[in-house]
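Here is what each chain is made of, one letter per residue.
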Amino acid sequence: QVQLVESGGGLVQVGGSLRLSCAASGRTFSSNVMGWFRQAPGKEREFVAQITRSSGRTYYADSVKGRFTISGDNAKNTVYLQMNSLNPEDTAVYYCAAKASLGDSYDSWGQGTQVTVSS
């Protein structure tokens, strides 16, 4: 399994930006696809974005498209989520996840990092 550690969360005002990081260790060969999910209070966890590390191909939820950017540094086994134009609806715990390939289910999860957008 892969160990994932998120960082970079915090409190930001509406319209502000944050960058989340997710560092992978352990069986990193089984983390070719890495993604970000989020869970707001009282809501189910939802998909935010994912990247296929071998190709660099990305995919986004409609709610963040054009505002968030996922990227990766394969040398550091780290994936980033740049979040711009944040609004209160983006407030949630953000989780990093990994899986071996696109056809798999995510099977490694980080502990989560809180993002709070204040108005």
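Residues numbered from 1 in each chain as written. Predicted model: local features only at pLDDT ≥ 70, side-chain atom pairs only at ≥ 80, totals over all residues. Heavy atoms only, no water.

J.: Quick one: what's the story with the overall build of the protein chain, residue by residue and with numbers?
T.: When you go through the protein chain residue by residue, the secondary structure sums to zero helices and 11 strands. Over its C-alpha atoms the protein chain spans a radius of gyration of 13 Å, differing by no more than 12% from the 14 Å that the globule rule assigns to 119 residues. Referenced to the eigenvectors of the C-alpha coordinate spread, the extents of the protein chain come out at roughly 40 × 25 × 25 Å. A buried classification covers 45% of the 119 residues belonging to the protein chain. Of the roughly 6100 Å² of accessible surface on the protein chain, 47% is carried by carbon and sulfur atoms. Averaging the coordinates of the 11 positive side-chain charges in the protein chain and doing the same for the 9 negative ones gives two points 5 Å apart. (Helix = DSSP H or I, 4+ residues; strand = E, 2+ residues; numbered from the N terminus. Rg over C-alpha atoms; globule rule 2.2 N^0.38 Å. Buried < 20%, exposed > 50% of the residue type's maximum accessible area, 1.4 Å probe, protein only. Areas by Shrake-Rupley, 256 points an atom, 1.4 Å probe, with all protein chains shown as cover. Lys, Arg positive; Asp, Glu negative; His and termini not counted. Charge placed at Lys NZ, Arg CZ, Asp CG, Glu CD.)

J.: Give me the lowdown on the nonpolar core, citing residues and values where you can.
T.: Counting residues in hydrophobic clusters, the biggest one holds 28 residues, and the most contacted among them are Trp36, Leu81, Met83 and Tyr94. Elements that contribute at least two residues to this core include exactly β1 (2-7), β3 (18-26), β4 (33-39), β5 (46-52), β7 (68-73), β8 (78-83), β9 (92-99) and β11 (113-118). (Core = buried A, V, L, I, M, F, W, Y, C linked by side-chain atoms within 4.5 Å.)

J.: Explain the side chain of Asp90 to me, and be specific about the residues and the numbers.
T.: By secondary structure assignment, the location of Asp90 is in the loop between β8 and β9. Asp90 gets classed as buried once you look at its relative accessible area, which sits at 1%. A polar contact is formed between the side chain of Asp90 and the side chain of Arg38, at a distance of 2.9 Å. Each residue touching Asp90, except ones within four places of it in the same chain, is listed here: Arg38, Arg67, Phe68, Ser85, Val115 and Val117. (Polar contact = N/O pair within 3.5 Å; in protein donor to acceptor, adjacent residues only side chain to side chain. Contact = heavy atoms within 4.5 Å.)

J.: If you had to explain the packing of aromatic side chains to someone new, which residues and values would you point to?
T.: Applying the stated rule across the entire model yields five aromatic pairs. Of the aromatic side chains, those joined through ring pairs into one cluster are Phe37, Phe47, Tyr59, Tyr106 and Trp109. The ring centre of Tyr106 lies 4.5 Å from the NZ or CZ of Lys99, which sits over that ring. (Phe/Tyr/Trp six-rings, centres within 6.5 Å; stacked < 30°, edge-to-face > 60°. Lys NZ or Arg CZ within 6 Å of the ring centre and 35° of its normal.)

J.: So what's going on with the pairing of β1? Which residues, and what values?
T.: Taken residue by residue, a regular strand's side chains alternate between the two faces of the sheet. Burial along β1 is one-sided: the face carrying Val2, Leu4 and Glu6 is buried and the face carrying Gln3, Val5 and Ser7 is not. Taken together, the six bridges between β1 and β3 define a ladder with antiparallel strand orientation. From the neighbouring strand, Gln3 faces β3, where its bridge partner is Ser25. (Pairing = 2+ DSSP bridges.)

J.: Kindly report on the state of the cysteines, identifying the contributing residues and their values.
T.: Using the criterion set out here, one finds one disulfide in the structure. Paired by a disulfide, Cys22 and Cys96 hold their sulfur atoms 2.0 Å apart. Handedness here is read from the sign of the S-S torsion; for Cys22 and Cys96, about -80°, the answer is left-handed. On the criterion of sequence distance, the pair formed by Cys22 in strand β3 and Cys96 in strand β9 is long-range, its members being 74 residues apart. Look at Cys22 and you get buried, because its relative accessible area is 0%. (Disulfide = S-S within 2.5 Å.)

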